[in-house]
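What follows is each chain in one-letter form.
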Amino acid sequence: MSSVEVTQAHLDRMAAVEPAVHAFLHVDGERALAAAAKVDQARAAGETLGPLAGVPVALKDVLTYAGAPTTAGSRVLEGWVPPYDATVTRRMLDAGLVILGKTNLDEFAMGSSTENSAYGPTHNPWDLDRIPGGSGGGSAAALAAFEAPLSIGTDTGGSIRQPASVTGTVGVKPTYGGTSRYGLVALASSLDQPGPCARTVLDAALLHAVIGGHDPLDSTSANAPVPDVVSAARSGDVRGLKIGVVRELGGEGYQPGVEQRFREAVDVLAGLGAEIVEVSCPNFAYALPAYYLILPSEASSNLAKFDGMRFGLRTGDDGSHDAEEVMGLTREAGFGAEVKRRIILGTYALSSGYYDAYYGQAQKVRTLVTRDFESAFAQVDVLVSPSTPGTAFRIGEKVDDPLAMYLNDLCTIPSNLAGNASASFPVGLAPEDGLPVGLQVMAPPLADDRLYRVGAALERALEERWGGPLLAQAPELVVPAVAGGTK
Ligand code: GLN
């Protein structure tokens, strides 16, 4: 097939399912088809092209793509059209990928359900009454609904892995510094990391190889080669690999079907020759509270620039208000409740007199979490846990209970605090609700290839057991596109 045909097929698919799914905030079919035609011409002219040239991709609307609006899911950025490409965007364009559009997310990537988007929630293709995870629910739902074969997410506390988990897709948070944050609307700069989302492990690896690697435009970018994720995804060999099951990430509060599928997947890995041991990370229990001090602190600082003067929305500029009042009115009108909650929390935690008690203390906990990882990785090659304590919940169920919402990231947050590589892979459906369950793999910094080795091993063994990909078991909305296979 030509790239134009593939791109058109995805645009047609969007036309059919977007009214129900709402994975996208912005689609530019003309621009995508023009890019696809260019790749087709280059291919016809015999040019050497990369492995993903001509393949469509969806971009979370928190990364810039010159000429396309970037909202970060917020009213405050409505109408802002960035003049430059994020490095992740630029690398995809240089590799010939075809950008379909921008995907929905919780406002400024704060949330676990996309319900905090100022533009309405995304629906989970497995059950339209349920959340697709967050903040990158749009990027995950676009994959599960076959609106895009690849997508980009960003992960600050789990926003790639949790949506992957609840939609039965693959999501990878690279090592901090492994992908560039240049052109990413910052939430918490010491935690944010863009990464690949896909329906298969190899697809994710191919995309990872395109977007990864050192970027002089990002001062926290790691000056190290991208681990050979593609070979790892092709190999899937886990013989002799030491896998640690994190004792603290399970038990009370975890859905029984999630734990069951997780245990079965661990048994599969043991059957493939991996050595399984239990590992204790006692400070993981404090990761969530520490995160909810560190993240709001950094966010309160990062979001100060949305003041009605430089980007997007401006409210009250009618000659009757001074500049400071216009800033206040703009921020009052432009930010949603969760964003305001975190700005207030963060400003409080950083304020004189409270800094040592809250922010400083949280940073010390962060060090303890990192040390837990270090001592665990001295014993094992990778760690595993469920990706989330539960499967996709119903839209509206937790929206008024921030603490219940925050618990979604119990398993994913430690890797953001420590900066190591981490991913979620589908391991089946929970028997009690028939919804996807994800297994999280955590690897040491710059050992991202190990994630793919484990993911590929699981994918191969489980698909043999299921007689095909997990998404083939999804309900009607998804099934028509699966005819003929998903690969
Ligand atoms: N759900 C988490 C939060 O609300 C994760 C956010 C993220 O990774 N962007 O902070």
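Computed from a prediction, not measured in an experiment: that's the story for all the values here. (Residues numbered from 1 in each chain as written. Predicted model: local features only at pLDDT ≥ 70, side-chain atom pairs only at ≥ 80, totals over all residues. Heavy atoms only, no water.)

Caption draft 1: A look at empty space enclosed by the protein. On inspection of all chains with the given rule, the structure shows six cavities of 30 Å³ or more. Approximately 140 Å³ is the volume found for the largest cavity. In terms of lining residues, the largest cavity is bounded by 15 residues, among which Arg199, Pro426, Glu459, Glu463 and Leu470 are the most central. Those elements that place two or more of their residues in the lining of the largest cavity are strand E10 (421-429) and helix H15 (448-466). Of the residues forming the lining of the largest cavity, the biggest block, five residues, is contributed by H15. (1 Å grid on protein atoms, 1.4 Å probe; cavity = no way out; pocket = protein on both sides within 12 Å on 5 of 7 lines; lining within 4 Å. Points joined across faces, edges and corners; volume = space filled by probe spheres on them. Helix = DSSP H or I, 4+ residues; strand = E, 2+ residues; numbered from the N terminus.)

Caption draft 2: Spotlight on the layout of surface pockets. Space inside the second largest pocket adds up to approximately 290 Å³. Every residue lining the second largest pocket is counted, 17 residues in all, and those nearest its centre are Tyr84, Gly183, Leu184, Val185 and Ala186. Across the lining of the second largest pocket, the residue classes tally to ten nonpolar, three polar and four charged. (Nonpolar A, V, L, I, M, F, W, Y, C, P; charged D, E, K, R; others polar.)

Caption draft 3: Just the packing of aromatic side chains, in detail. What the rule picks out here adds up to 13 aromatic pairs. Ring centres of Phe108 and Phe306 lie 5.0 Å apart, and the angle between their planes is 40°; on these two criteria the pair is classed as tilted. Placement of Phe108 in the loop between strand E3 (98-103) and helix H4 (137-144) and of Phe306 in the loop between helix H9 (287-302) and helix H10 (323-334) is noted, with a sequence separation of 198 residues between them. Assigned by exposure class, Phe108 and Phe306 land together as buried. Ring geometry for Phe108 versus Phe335: centroids 6.0 Å apart, planes at 70°, classification edge-to-face. Taken as a pair, Phe108 in the loop between E3 and H4 and Phe335 in the loop between H10 and helix H11 (337-350) lie far apart in primary sequence, 227 residues in all. The exposure class of Phe108 is buried, given its relative accessible area of 2%. (Phe/Tyr/Trp six-rings, centres within 6.5 Å; stacked < 30°, edge-to-face > 60°. Buried < 20%, exposed > 50% of the residue type's maximum accessible area, 1.4 Å probe, protein only.)

Caption draft 4: Region of the structure containing the site of the ligand. Around the ligand, 16 residues are found, and the nearest of them are Thr156, Gly157, Ser159, Tyr291 and Asp409. Contacts to the ligand include Thr156, whose backbone N or O atom sits 2.7 Å from an oxygen atom. A distance of 3.2 Å separates an oxygen atom of the ligand from a polar atom in the backbone of Gly158. Out of a free accessible area of 290 Å², the ligand has 100% covered by protein chains. No other element matches H9, which puts three residues into the shell around the ligand. Here the residues of the shell around the ligand sort into six nonpolar, seven polar and three charged. (Near = heavy atom within 4 Å. Polar contact = N/O pair within 3.5 Å; in protein donor to acceptor, adjacent residues only side chain to side chain. Areas by Shrake-Rupley, 256 points an atom, 1.4 Å probe, with all protein chains shown as cover.)

Caption draft 5: The arrangement of the nonpolar core in detail. Core analysis: the largest hydrophobic core is formed by 106 residues, its most contacted members being Met92, Phe108, Ile152, Leu383, Leu439, Tyr452 and Leu458. Residue contributions to this core peak at eight residues, all from H9. Met92 has contacts with Val57, Leu59, Leu97, Ile99, Ile152, Leu207, Val210 and Ile211, leaving out every residue within four places of it along the chain. Formed by 15 residues, the second largest nonpolar core is a distinct cluster that contains Ala58, Val98, Ala145 and Ala148. (Core = buried A, V, L, I, M, F, W, Y, C linked by side-chain atoms within 4.5 Å. Contact = heavy atoms within 4.5 Å.)

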